[in-house]
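Chain by chain, the residues run as shown.
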Amino acid sequence: MVVSERQAAMLKEMGIRLWRPPVPDAASTSPLQADAVEAAPAAAAPVPRAGTEALRPMTPPAASDAAPARPGREAPAPDAEPVAAVSRPVRLREPVAPVGDPVGGVAGMGWEALEDAVANCTACALCEGRTRTVFGVGHASAHWMVVGEAPGEQEDRQGEPFVGKSGQLLDNMLAALGLTRQPAEAARQVYIANTVKCRPPGNRNPDPTELARCEPYLVRQIALVKPRVILAMGRFAVQSLLRSNEPIGRLRGRVHQFEGVPLVVTYHPAYLLRNPEDKGRAWDDLCLAREVLAQG
Ligand code: URA
Ligand code: SF4
């Protein structure tokens, strides 16, 4: 992959170094490497969510392989739990509230009705503390769909997802791939939405009831956008879309599916701001998603 000056600058911003193979004949196709040291690969287990299967389970080389095909692809934290080499079921989130239809007819709504329904939604307690609902931003038929967690203070004020510090990092990550959320700038690039549309008070985590109540809106957004790949950032996006409570470190590095759409799991930008040593892994995840797009 050729990295432009601008992309190189973005990668630097993300804390990712350009990498050259240490030996001239190393079988490398990637100019990038995570800051972290290579470690054991993640499991190549498909996720048995109802109605979904792994599109193309990743089978990274064993840790002992001398020349991994794609350096920097997978590097679990040194203290990560050992991962099984065989498929195993993912624990499902307990259904704590009916995952239904908060206002009726959501599954059949078009963009305008959906946005309106969210703007007026009182289906969970988060409606009480919000300044504005935060619906989503980007191209309505984007190829990439990024799913975050919940609006924070800035998002609650501005009504747009990821406009605070996490958003700056997300924009840098997208820019490193040559992508933008601006719908006018380049066609069909990115649509960004959150798992819940209203800010939890004090930025607390959304609770399972709130997640369940808000979920149909996200599901409908995905159905309308029809993305070619979903990037699920952080554990709440993963809980909603994959019904999994597994840590991100165990789900990333392979391709899952959400209702037929390839889904790649990665760290939430807020986590990356606190744990910059994992930015390299996040970059690997973006590259995996890009590969999915290139193949699809
Ligand atoms: N974090 C998120 O998950 N979403 C936002 O919109 C902002 C921060
Ligand atoms: Fe409605 Fe979602 Fe806001 Fe709850 S978080 S009030 S379900 S829009």
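Refer to the structure printed above.
This section reports on the structure supplied with the text. (Residues numbered from 1 in each chain as written. Chains lettered and ligands numbered in written order. Predicted model: local features only at pLDDT ≥ 70, side-chain atom pairs only at ≥ 80, totals over all residues. Heavy atoms only, no water.)

**Some thoughts on the site of ligand 1**
Item 1. Around ligand 1, the neighbouring residues are Gly148, Glu149, Ala150, Glu155, Pro161, Phe162, Asn194 and His268.
Item 2. At a separation of 2.8 Å, an oxygen atom of ligand 1 approaches a polar backbone atom of Phe162.
Item 3. Interatomic distance of 2.8 Å between a side-chain N/O atom of Asn194 and a nitrogen atom of ligand 1.
Item 4. In isolation ligand 1 offers 240 Å² of accessible surface; the protein chains occlude 93% of this area.
Item 5. Split into classes, the residues belonging to the shell around ligand 1 amount to three nonpolar, three polar and two charged. (Near = heavy atom within 4 Å. Polar contact = N/O pair within 3.5 Å; in protein donor to acceptor, adjacent residues only side chain to side chain. Areas by Shrake-Rupley, 256 points an atom, 1.4 Å probe, with all protein chains shown as cover. Nonpolar A, V, L, I, M, F, W, Y, C, P; charged D, E, K, R; others polar.)

**As for the sheet that holds strand E2 (residues 144-148)**
Item 1. Spatially, E1-E3-E2-E4-E6-E5 is the arrangement adopted by the six strands of the open sheet, whose pairing is mixed. The open sheet terminates on both sides in strands that have one partner only, identified here as strand E1 (137-138) and strand E5 (255-258).
Item 2. Sheet topology note: the E1/strand E3 (residues 190-194) ladder contains two bridges and is antiparallel. Counterpart to Gly138 in the pairing with E3 is Tyr191.
Item 3. Sitting on the sheet, helix H6 (residues 235-242) is in contact with E2, strand E4 (229-233), E5 and strand E6 (261-266), with an inclination near 130 degrees to E4. (Pairing = 2+ DSSP bridges. Helix = DSSP H or I, 4+ residues; strand = E, 2+ residues; numbered from the N terminus. Contact = heavy atoms within 4.5 Å. Axes fitted to C-alpha atoms, helices over the stretch in contact; angles between N-to-C directions.)

**Thoughts on the site of ligand 2**
Item 1. The local shell around ligand 2 consists of Cys121, Ala123, Cys124, Leu126, Cys127, Arg130, Lys197, Cys198, Arg213, Cys214 and Tyr217.
Item 2. Classifying every residue of the shell around ligand 2 gives eight nonpolar, no polar and three charged.

**Quick look at the environment of Glu115**
Item 1. Relative to the assigned elements, Glu115 resides in helix H2 (residues 111-119).
Item 2. With 18 residues separating them along the chain, Glu115 and Thr133 place their C-alpha atoms 9.4 Å apart.

**Things to note about the pairing of E4**
Item 1. Along E4, five of the five residues are buried, which leaves the element largely enclosed by surrounding structure.
Item 2. Both faces of E4 are covered, namely the face carrying Val229, Leu231 and Met233 and the face carrying Ile230 and Ala232.
Item 3. Bridge count between E2 and E4: four bridges; the pairing is parallel. Looking at the pairing, Met145 lines up with Ile230 of E4. (Buried < 20%, exposed > 50% of the residue type's maximum accessible area, 1.4 Å probe, protein only.)

**As for the pattern of salt bridges**
Item 1. All told, the structure shown has eight salt bridges when counted by the stated rule.
Item 2. Across the pair Arg181 and Glu160 runs a salt bridge, and its minimum N-O distance is 2.9 Å. Pair noted here: Arg181 is in the loop between helix H4 (165-176) and E3 and Glu160 is in the loop between helix H3 (153-158) and H4, with a separation of 21 residues, a long-range link.
Item 3. When its relative accessible area of 5% is taken as the criterion, Arg181 is described as buried.
Item 4. According to the relative accessible area criterion, Glu160 is partly exposed, its value standing at 28%.
Item 5. Residues Arg181 and Asp171 are paired through a salt bridge, measuring 3.1 Å at the closest nitrogen-oxygen approach. (Salt bridge = Lys/Arg side-chain N within 4 Å of Asp/Glu carboxyl O.)

**A look at H2**
Item 1. Within H2 the residues assigned to the buried category are Leu114, Ala117 and Val118. Buried residues of H2 fall within an arc of 95 degrees about the axis and therefore sit on the same side.
Item 2. Looking at the buried residues of H2, the elements they touch are helix H5 (208-225). (Arc of directions from axis to C-beta.)

**Points about H6**
Item 1. Counting buried positions along H6 gives seven out of eight residues, so the element sits mostly inside the fold.
Item 2. All buried positions along H6 are accounted for by Phe236, Ala237, Val238, Gln239, Ser240, Leu241 and Leu242.
Item 3. Once H6 finishes, Arg243 follows within two positions and takes phi at roughly 55 degrees, a positive value.

**A short note on unusual backbone geometry**
Item 1. Even without being glycine, Asn203 reaches a positive phi, approximately 60 degrees.
Item 2. One non-glycine residue, Glu259, lies in the positive phi region at around 45 degrees.
Item 3. Structurally, the position occupied by Glu259 is in the loop between E5 and E6.

**A look at the packing of aromatic side chains**
Item 1. Within this structure, the stated rule accounts for three aromatic pairs.
Item 2. Ring centres of Tyr267 and Tyr271 lie 4.8 Å apart, and the angle between their planes is 20 degrees; this geometry places the pair in the stacked category.
Item 3. For Tyr267, a relative accessible area of 9% gives the class buried.
Item 4. Of the residues examined, Tyr271 reaches a relative accessible area of 25% and is grouped as partly exposed.
Item 5. Clustering of aromatic rings is evident, with ring pairs tying together Trp111, Phe135 and Tyr191. (Phe/Tyr/Trp six-rings, centres within 6.5 Å; stacked < 30°, edge-to-face > 60°.)

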